[in-house]
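Topology and contacts: notes
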Amino acid sequence: MESNKKYWKGLEEFNKTSDFVENNKNEFAEPLPIEDVLNEAGLSTVTPRRDFLKALGFGLGAVTLAACQPAPIHKSIPYLIKPEEVIPGIPNYYVSSYNGQSILVKTREGRPIKIEPNPNSGEFNCGTDAQAQASVLDLYDVSKLKAPVLKNDETTWAKVDAFVAAELAKAKASGKKIRIISSSVYSPSTKAVVADFTAAYPTTKHVQYDAVSYTGIIKANENSFGKAVIPKYNFDKADLIVSFAADFLGTWISGEEYTAQYVSNRNNKSLAKGKMSRHFQFEAGMSLTGTNADTRIPVKISEQGPALITLYNEITGGSLAGGSLPKNPTAEKAIKLMAKELVQQKGKALVVCGSNDVSTQILVNAINSAIGSYGTTIDLDNPNKRYSGNDAEFAEFLNEMNRGEIAAVFFLDSNPAYDVINVKSFTDGLSKVPLKVSFSDRKDETSTLCDVIAANQNYLESWGDANSYEGSYSIVQPTINPVFNSRQAEQSLLIWSNAPVKDYYQYVRNNWEKNILPVLGKTWNEVLQTGVFASAPKTAGSYTFNLSLAAVAPSVVKSSSALAKDIELQVYESVAMRDGRHANNAFLQELPDPVSKVTWDNYIALAPKFAESLGIKEFDVVDVKGNNGYTVTLPVLVQPGQAQGTASIALGYGRTKVGKAGDNVGKNAYPFVSFSNGTLQYATTITITKTGATNELAQTQTHHSFEGRNIIREATFKEYVKNPAAGTGKHDSEHKTYDLWDKYEKPGNNWVMAIDLNACTGCGSCIVACNVENNIPVVGRDEVRRRREMHWIRIDRYYSFEEGDKSVSEEKEIAHMENLDRVSVVHQPMLCQHCDHAPCETVCPVLATTHSSDGLNHMAYNRCVGTRYCANNCPYKVRRFNWFNYWNDSRFDNYLNNEFTQLVLNPDVTTRSRGVMEKCSMCIQRIQAGKLSAKIAKRPLKDGDIKMACQEACSANAIIFGDGNDPESEVSKALRSERVYYVLEEINTQPGVGYMTKIRNTDSLPTVQA
Amino acid sequence: MSGHNESILREPLITGNDITYAKITDDILMPVENKPNRAWWIGFIVSLMGATLWLVAVSYTFWNGIGAWGLNKTVGWAWDITGFVWWVGIGHAGTLISAVLLLFRQNWRNSINRSAEAMTIFAVICAATYVVSHMGRPWLAYWVLPLPNQFGSLWVNFNSPLVWDMFAISTYFSVSLLFWYTGLLPDIATIRDRATGLRRRIYSIFSFGWSGNVKTWQRFETVSLILAGISTPLVLSVHTIVSMDFATSVIPGWHTTIFPPYFVAGAIFSGFAMVLTLLLVARKVLGLENYITMFHIESMNKIIILTGSIVGVAYITEFFIAWYSGSEYEAYAFINRSTGPYWWAYWMMMTCNVISPQLLWFKKIRLSIPATWILSIVVNIGMWFERFVIIVTSLHRDYLPSSWAMFYPTWVDVSVFVGSIGVFFTLFLLFLRVLPSIAIAEVKLLLKTSSEQAKLAQIKEGHLDKVHVKEYVESLEKFDSVKQEEYAKI
């Protein structure tokens, strides 16, 4: 059935006209204008069909391609509920404590980004060391564990707890020993946790050991005075300091604190009062402290014992055997003269010794007693609690393990598989322990050998406390939620011991409220705000040494003579790397050693003449074989001031499992340490053989003498007393200077700086502080070797050599000197001088570096095209060029090339792209913040409102920053000092940074110069 | 004979027999109108490889950053600015020849000015690549131009010698290019007239419709003179300004008032050496011995010995002043130059620039092509070392010994420099293929045909003194190797 109706579309169809019929045969009834389009006119129409299709196709393709590129996703997640105390852009500060230093943690939007010394900590405010400054980077270390590990696999805490609880139950049932191995614990709460754990598992013993041990001092004091403590040393009360190889300004016990004390008798304020302490240093390797000594005499390690005996005999008139230094007449002569001075300065003198040998330290106690140090410069009644390691107990623990007596071991804050002297004995013993738990935050040398890694938290995520000195307590409080699935070690122990309070915060608080707050008379909230409190110190008792030295002296002589063969090796803690626990911290790896200026490696240091006699040149790679057979291959560094016949190697290097920055940097020197007479000894004898290879160490400074140039100006104390301007080159009549340039108007502030060369010890914590504050990239060993380190502030270290009465500082004369043992060292912090007539400013083609109206030399990164002309024309060579995109280039992935670690960046300071010049900005962001807060408070800026990062970190207060327009500001006062000079002032750069002359208190010992 | 006012006979500037205008055109256009010979191909392929190396090295630098070079915190310029100053210096001979010698009516320049000026332009191109590639952020290189911008009223720093440099180099390049191209117009027209097809169309466009009528020639002459007048100060100013990059700084060894004249002399010195290096080969390969004659070679050698001696005196003066000034930094900089870790560079410079050019006092050596060619290369090696010594040895040990450092080049440094030579020769060889390497129109001016014919007529008519005629005929044969009768045939 034909049901579909036919509709016609037009009359043509209805009528079936012939045209229609004809056309309807074609596919397209109406003619298409193909000819028109294809002829010339058609093709030149604006958009022919084909072109349109092409354009359409291209457009689609292009859009598709463009859409395929992952657009950068900026993860900025707003607060759902804004915390009351967090204002974006405004930092919050929390008090805490790090390694005995009272600190402020600066957090921005909930993340800690900077460590600053706690200004409210009163007498405990003594700056921060490089480790504290760098510690903020440890929090953002990608090498950390993200969850606990059970049998090498990441797991949950529940599984870990179940496993450990079961194993502990077995251990308890077996009645075998349980050991907690830790470095010294001086946190009262941690100690209480350990005590609780011990109560739950009575076979537990807490063994404390320190990789760099102070057991010798503790045992000696126990022996001499019945007090097993490290005393409180008062370097500020000592007018005469004699140190036998104690690097007390650097690594010895509490360097930052001692630096503050030491400098208080030597800085500009003290000098203005006509007072300056004297400091003798007798040591084998050139230490940071040695570089600051007024008189430094190189003595072999084997001569230190005899030297002390000589000193004792001279002071007391005693006649102990062994007190002679036949091969070192200079030292012997110096000791004899010094002894007289020590007796004269009775009660105001201090002798310290870096040895860990009990007998040696007893001898030192006897000397100190003879010169009346106890009760004045040494305080045994308010002792230092930072170190309580016991080498013998740890040695016994190794034996117990090897005998299979141990059922469970917990490693807290310790890494014996790396730093124990005999790794094999440790690992063999450990394999016999059924339950091995490490509280490490990463898979390190020890924790990889353990069944459980109960990932610990960074101190910035933790609760805790510290009792550095008798009666002084400080708090550790978290500044960020734990980043990973980690748990504080103390909490783990509480859970495993099934304590009634398992939350560690509550535990700490309870402990404080019960035991500490009543003593201090403070409340918990006050503690959280102020950070550190001390009860009134006990009166320092005067102790007298009255034991016989009959057994002591021969022991000293014996251990000394054991070293007096082959080449004597001293292994020491380096200022940057310390005992090696921070090896994965790129800031510390790139912090130049204060003395050798070497980064990213350890080395064997030999005296120049001694190396020459061995036929060894600098950077030769040698095999160093210890008398126990341990061999390492290390490059040689020629170190002026190193005692002849001795060598030094830094500890803390050669980590194999610490993370990407620190793995296999340098060589491990711990196996050179030996155990004798109940303590660890950090000296041994070695033989050296050349391998024929060379390895250029990455040094930030490769020329070491100042060539007699007046960039360094110094005077002796005697000259200074006669004329405070001695050595500055100032004349009575100022000569007229002429100027091509206009003077800058500085109507408001004039930011200037004063640096006291007599206060600066060269420790380098300012460098790390600056790195962290200003997002300065770490560039790595190869780039440092190419002389491209980025540090905005550096410490120039120059050697000069004494010959007769004159000082030799020119390379070509030094090359001809016979005796290079008498070295003087000066440290000069060098940073952008913010010259009023800055050579860099005139040469920049694009005005990227300009002068501000408050005396600063600005650098506009965005404008910089990178001609490097400014750096060439900078006479101070303080400008740093971004040769690569260091912070975001996989070839320089030391630490920062991941989103997590980038959280450490200071949001107030931009990261610089490649091809841009940068340099010290005088912490312009801090100046701005200071100005703003004064403005908000509607008051003028006060002196001290604004502090530079370097200034803040400096324990010695060597750096003073402030407004030069304010005549009453600290810096104005400092710059009015007679000692002030400006580096390269003769080229009329008009620097904004004044330096104060280096003063050496060497006069009263003219005859020492043998 | 008294009373005759004829100028002293000179050696002819174009040698050879049967020289006619047509022959000149044929000779000079031979390489342009024919397929290249094997020597050209070998040269071109080697140069192109060099240019490719340059491209690779510069791209590598752009991709990775200036860190690819061996520079460091102390030595911020080394091979880059050494190369830059070297190339700019080389360019100077071209301008001196084309402009200064034109103003002084030194017609002998007509044979060499075209190539020398082409060399100038290519050398300045090479120098300009360094200006851009040495920047940390080369994509922003235009910021050194005082362009209106959206950054507010942000101008360049008119105090900065780098800005002066930018003006000097860009002016120099534009004026040189203009001068060179103006001179090329009649020659391009000549090629156009002889060519057919596409070549004719192309050369037709580039000849700017040159018609060759009197008015055109007159304007041509005027423009040439004006441009010569503009270029002449540039010969002095460009390298003076380049020297100010150093002279206005505070770095010992840079901060020296002697630099401007010393740099200009050095530039001309190296420029002439480069002209010799190029033309000694080109005249042989392209068969242009009749146009670039021993006279040219000797003249240029004389200029080299003069400027080389000026440079030598400057070196000695610097040393004297370093001592006489009593400035310890300055004194150290110079002692360090000659005896420090880069002593070899200093003595290389002294040998190549001061000692070896003294050999040119001997006429035999001045007239020996191999000796001249070797010396010309030695001079350019010496001049490279001069810039290296000034830049690197001054920077590497300046004021604070703590920052003293050594500079070690990387493969990229070396490749950029070697590659820039490749770029230069590639451009130069292409130039030889497409444009006349000798200014045809200007060389034709040197042909004395008409005056010689007039002379012939005078002799025939017996107006001249016989002694004089004899002397004239003899000298024609002696110097021009032309028999007088030959003029009759023309």
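Just so it is clear, the model here is predicted, and its values are computed rather than measured. Along each chain, the written sequence defines residue order, and numbers are assigned to residues from 1. For this description, chains carry letters from A and ligands carry numbers from 1, given in the order in which they are written. For this predicted model, a pLDDT threshold of at least 70 governs which residues receive local features, and a threshold of 80 or more governs which side-chain atom pairs are given and counted, while totals over whole chains, interfaces and linings are taken from all residues.

Along any regular strand the residues' side chains alternate between the sheet's two faces. All names here are of chain A. Burial analysis of strand 25 (residues 646-650) places 5 of its 5 residues in the buried class, the great majority of the element. To sort residues by burial, count the other C-beta atoms lying within 10 Å of each one's C-beta; a count of 20 or more means buried, 12 or fewer means exposed, and anything in between means partly exposed. C-beta atoms are built from the backbone. Helical segments are the DSSP runs of H or I of at least four residues, strand segments are the runs of E of at least two, and each set is numbered from the N terminus. In strand 25, alternate side chains face the same way, and those of T646, S648 and A650 on one face and A647 and I649 on the other are all buried. Strands are labelled as partners when DSSP assigns at least two bridges between them. In this sheet, strand 25 lies alongside strand 22 (residues 604-606) in antiparallel orientation, the contact comprising 3 bridges. Its bridge partner lying in strand 25, L606 is registered against A647.

A positive phi is found at K16(A), a non-glycine position, where the angle reads about 50°. Assignment of secondary structure puts K16(A) in the loop between helix 1 (11-15) and helix 2 (18-24).

Here we come to the pairing of strand 3 (residues 111-117) of chain A. Residues and elements named next belong to chain A. Counting buried positions along strand 3 gives 6 out of 7 residues, so the element sits mostly inside the fold. Pairing of strand 2 (residues 101-108) with strand 3, which is carried by 6 bridges, proceeds in the antiparallel orientation. Across the sheet, residue T107 finds its bridge partner in strand 3, namely P112. The turn joining strand 2 and strand 3, which pair antiparallel and follow one another in sequence, is formed by 2 residues; a positive phi near 45° is taken by E109.

Here we come to the nonpolar core. Formed by 429 residues in total, the largest nonpolar core has its most connected members in L308(A), L363(A), I367(A) and V275(B). Among the elements that take part in this core, helix 8 (residues 259-285) of chain B stands out by supplying 16 residues, more than any other. When sequence neighbours within four positions are dropped, the list of residues in contact with L308(A) reads F244(A), C353(A), T360(A), L363(A), V364(A), I367(A) and V556(A). Counting residues in each nonpolar core, the second largest holds 7 residues, with L271(A), A715(A), Y720(A) and A726(A) among its members. Linking buried Ala, Val, Leu, Ile, Met, Phe, Trp, Tyr and Cys residues through C-beta atoms within 7 Å yields a set, and such a set is a nonpolar core. By the criterion used throughout, residues are in contact when their C-beta atoms, derived from the backbone, lie within 7 Å.

Note: pLDDT gives the predictor's confidence per residue, expressed from 0 to 100. When pLDDT is averaged along chain A, the result is 87; 96% of the residues meet or exceed 70. Here residues 1005-1010 of chain A is a poorly scored stretch, pLDDT under 50, and it has 11 contacts once near neighbours within four places are set aside; other chains count.

As a measure of interface size, the accessible area lost when the parts come together is often cited. Contacts between the two partners involve 41 residues from chain A and, on the opposite side, 37 residues from chain B. Residue assignment for the side of chain A that touches chain B shows that the elements contributing at least two residues are helix 29 (839-843), helix 30 (869-872) and strand 37 (880-881) of chain A. Here the term charged refers only to Asp, Glu, Lys and Arg, the term nonpolar to Ala, Val, Leu, Ile, Met, Phe, Trp, Tyr, Cys and Pro, and the term polar to all other amino acids, Gly among them. Partitioning the side of chain A that touches chain B into residue classes produces 20 nonpolar, 11 polar and 10 charged.

This part covers helix 1 (residues 21-33) of chain B. Residue and element names in this part refer to chain B. Between the first and last C-alpha of helix 1 there are 17 Å, a value that for 13 residues agrees with the 18 Å anticipated at 1.5 Å per step. The angle between axes fitted to the seven-residue stretch ending at a residue and the seven-residue stretch beginning at it gives the bend at that residue. Remark: the principal bend of helix 1, roughly 30°, maps to D27, with a proline, P31, within the next four residues. Residues of helix 1 that are buried make contact with helix 5 (161-194), helix 14 (411-434) and helix 15 (440-444). Residue count minus one, scaled by 1.5 Å, sets the expected span of a helix.

What follows is about helix 22 (residues 552-563) of chain A. Residue and element names in this part refer to chain A. If you check helix 22, its first and last C-alpha atoms are 17 Å apart, about what 12 residues at 1.5 Å a residue would give, namely 16 Å. Regarding helix 22, the residues found buried are V552, A553, V556, S559, S560 and L563. What you see down the axis of helix 22 is that its buried residues fit within an arc of 135°, all on one side. Of the surrounding secondary structure, the elements contacted by the buried residues of helix 22 are helix 13 (301-316), helix 15 (358-370), strand 20 (567-572), strand 26 (674-676) and strand 28 (683-694). Note: the arc covers the axis-to-C-beta directions of the helix.

Turning our eyes to something else, we now look at the environment of P500(A). All names here are of chain A. Note on placement: P500 falls in the loop between helix 19 (489-496) and helix 20 (504-520). Looking at P500, the number of C-beta atoms within 10 Å reads 8, which means it is exposed. Separated by 11 residues in sequence, P500 and N511 place their C-alpha atoms 13 Å apart.

We now examine the packing of helix 6 (residues 130-139) of chain A against helix 26 (residues 765-773) of chain A. Relative placement of two packed helices is described by the angle separating their axes and the distance separating the axes. Residues and elements named next belong to chain A. The interhelical angle for the contact between helix 6 and helix 26, taken along N-to-C directions, is 25°, at an axis separation of 8 Å. Put simply, helix 6 runs roughly parallel to helix 26. The crossing of helix 6 and helix 26 is left-handed. Contacts from A130, Q133, A134 and V136 in helix 6 reach S765, V768, A769 and V772 in helix 26. Of the residues contributing to the contact of helix 6 with helix 26, the split by class is 6 nonpolar, 2 polar and no charged. Here the axes come from fitting lines to C-alpha atoms, over the contacting stretch only for helices, and the angles between their N-to-C directions go from 0 to 180 degrees. Small angles under 35 degrees read as roughly parallel and large ones over 145 as roughly antiparallel, with 65 to 115 read as roughly perpendicular and the rest as oblique. Crossing chirality is assigned from the near helix's rotation relative to the far helix, an anticlockwise turn below a right angle marking it left-handed and a clockwise turn marking it right-handed.

Right, let's get into the sheet that holds strand 3 of chain A. Residue and element names in this part refer to chain A. Spatially, the 3 strands line up as an open sheet ordered 1-2-3, and their pairing is antiparallel. The open sheet terminates on both sides in strands that have one partner only, identified here as strand 1 (92-98) and strand 3. The mean inter-strand angle of the sheet, taken between neighbouring strand axes irrespective of direction, is 35°. The pairing of strand 1 with strand 2 spans 7 bridges and is antiparallel. For Y98, the partnering residue across the bridge sits in strand 2 and is Q101.

All right, on to the confidence of the model for chain B then. Should the pLDDT be low somewhere, the predicted coordinates at that spot are not to be read in detail. Residues and elements named next belong to chain B. Averaged over every residue, the pLDDT of chain B is 86; residues scoring 70 or more account for 92%. Confidence, read as mean pLDDT per element, is least for helix 18 (residues 484-489) in chain B (58) and greatest for helix 2 (residues 38-64) (93). Scored below 50 in pLDDT, residues 1-9 makes 7 contacts in the model with residues more than four places away or belonging to other chains.

Here we take up the environment of F619(A). As for its placement among the helices and strands, F619(A) is situated in the loop between helix 24 (608-613) and strand 23 (620-626). Filtering out sequence-adjacent residues up to four positions away, F619(A) remains in contact with P635(A), V636(A), T694(A), N695(A), E696(A) and L697(A).

Bringing the packing of helix 13 of chain A against helix 14 (residues 329-344) of chain A into the picture now. Residue and element names in this part refer to chain A. Taken N-terminus to C-terminus, the directions of helix 13 and helix 14 make an angle of 40°; their axes are 9 Å apart at the nearest point. Between helix 13 and helix 14, the crossing angle belongs to the class labelled oblique. For helix 13 against helix 14, the interelement crossing comes out right-handed. Packed against helix 13, whose contacting residues are E303, A307, T310, L311, E314 and I315, the element helix 14 presents A331, E332, I335, K336, A339, L342 and V343 at the interface. Split by residue class, the contact of helix 13 with helix 14 holds 8 nonpolar, 1 polar and 4 charged.

With that settled, consider the sheet that holds strand 33 (residues 806-808) of chain A. All names here are of chain A. Ordered in space as 33-32-34, the 3 strands form an open sheet in which the pairing is antiparallel. With one partner strand each, in any of the chains shown, strand 33 and strand 34 (823-830) form the two edges of the open sheet. Across the sheet, the mean angle separating the axes of adjacent strands is 35° when strand polarity is ignored.

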